[in-house]
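# Inside the fold
Residue-level listing of the chains:
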Amino acid sequence: MRTVLVLNGPNLGRLGSREPDVYGSANLDDLRVLLTEVAPTDVTVDVRQTDDEAELIHWLYEAVDANTPVVLNPAAFTHYSYALRDAAALVTKAGIPLVEVHISNPHARETFRHTSVVSAVATGVIAGFGFDSYRLALDHIVRLN
């Protein structure tokens, strides 16, 4: 059995009620169901969310230690967390895929959202396709491994 970590940063625990015009009306449980349904039978999808930067960083350490691929939505940490960026770099430098995802298209939003400190160390970035961003990232990781 293979595992893929799907890690979500701050405020994503409020999906479904937070700005549905931007993020849609589905919540993290809906995301978990979607990814579980589309994952091959030999892949376990472990969906997690935290508002705590340190916890998110420790999950990336866990990915390195267990050689586990990551789908990462850093949320607001995308734009300024160099600590998260450095932890994400540990993942990709270990040869483990890490795909940065965003539900909305950050480049079509406020200017401060246009810059990601994580993108430069990610294996790839998928944004703007709602929960399909996660599905596409999972599909890519499954095909790699």
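Overview of the structure. (Residues numbered from 1 in each chain as written. Predicted model: local features only at pLDDT ≥ 70, side-chain atom pairs only at ≥ 80, totals over all residues. Heavy atoms only, no water.)

## So, the overall build of the protein
A count of helical and extended segments in the protein gives five helices and five strands. Helices and strands appear in the protein in the N-to-C order β-α-α-β-α-β-α-β-β-α. The burial tally for the protein puts 46% of its 145 residues in the buried class. Here the analysis covers contacts within the protein between residues at least 6 apart in sequence; of these, 79% occur between residues at least 24 apart. For the protein, the computed accessible surface area is about 7,000 Å², with 50% contributed by carbon and sulfur atoms. (Helix = DSSP H or I, 4+ residues; strand = E, 2+ residues; numbered from the N terminus. Buried < 20%, exposed > 50% of the residue type's maximum accessible area, 1.4 Å probe, protein only. Contact = heavy atoms within 4.5 Å. Areas by Shrake-Rupley, 256 points an atom, 1.4 Å probe, with all protein chains shown as cover.)

## Some words on unusual backbone geometry
Even without glycine at this site, Asn11 takes up a positive phi of about 75°. By the secondary structure assignment, Asn11 is in the loop between β1 (2–8) and α1 (20–23). With a relative accessible area of 37%, Asn11 lands in the partly exposed category.

## Regarding the pattern of salt bridges
What the rule picks out here adds up to seven salt bridges. Linking Arg32 and Asp29 is a salt bridge whose minimum nitrogen-to-oxygen distance equals 2.8 Å. With Arg32 and Asp29 both in helix α2 (residues 28–38), this residue pair falls three residues apart, about one helical turn. Relative accessible area serves as the criterion here: at 31%, Arg32 is assigned to the partly exposed category. (Salt bridge = Lys/Arg side-chain N within 4 Å of Asp/Glu carboxyl O.)

## Quick notes on α2
Residues of α2 that are buried: Leu28, Leu31 and Leu35. Seen from one end, α2 has its buried residues packed into an arc of 50°, which puts them on one side. In α2, those exposed residues whose orientation departs by more than 90 degrees from the buried face are Asp29 and Glu37. Check the buried side of α2 and you find it contacts β1, β2 (43–49) and α5 (132–144). With a side-chain oxygen lying 2.9 Å from the backbone nitrogen of Asp29, the N-terminal cap of α2 falls on Asn27. (Arc of directions from axis to C-beta. Polar contact = N/O pair within 3.5 Å; in protein donor to acceptor, adjacent residues only side chain to side chain.)

## Let's talk about the sheet that holds β1
Ordered in space as β2-β1-β3-β4-β5, the five strands form an open sheet in which the pairing is parallel. The sheet is open, and its two edges are formed by β2 and β5 (124–127), each paired on a single side. Between one strand and the next, the sheet's axes are offset by a mean angle of 20°, whatever the strand orientation. As defined by bridge partners, β1 adjoins strand β3 (residues 70–73) across four bridges and the pair is classed as parallel. Bridge pairing in β3 places Val6 opposite Val71. Contacts from α2 reach β1 and β2 within the one sheet, and its direction differs from that of β2 by about 165°. Strands β1, β2, β3, β4 (98–102) and β5 of the sheet are contacted by α5, whose axis makes an angle of about 170° with β4. (Pairing = 2+ DSSP bridges. Axes fitted to C-alpha atoms, helices over the stretch in contact; angles between N-to-C directions.)

## Structural notes on the packing of α2 against α5
In the contact formed by α2 and α5, the axes pass within 10 Å of each other and the chain directions differ by 35°. Between α2 and α5 the crossing geometry is right-handed. Here α2 contributes Leu31, Leu35 and Val38 to the contact with α5, which in turn contributes Tyr134, Arg135 and Leu138. Here the residues of the contact of α2 with α5 are counted per class, giving five nonpolar, no polar and one charged. (Left-handed = near helix turned anticlockwise from the far one by under 90°. Nonpolar A, V, L, I, M, F, W, Y, C, P; charged D, E, K, R; others polar.)

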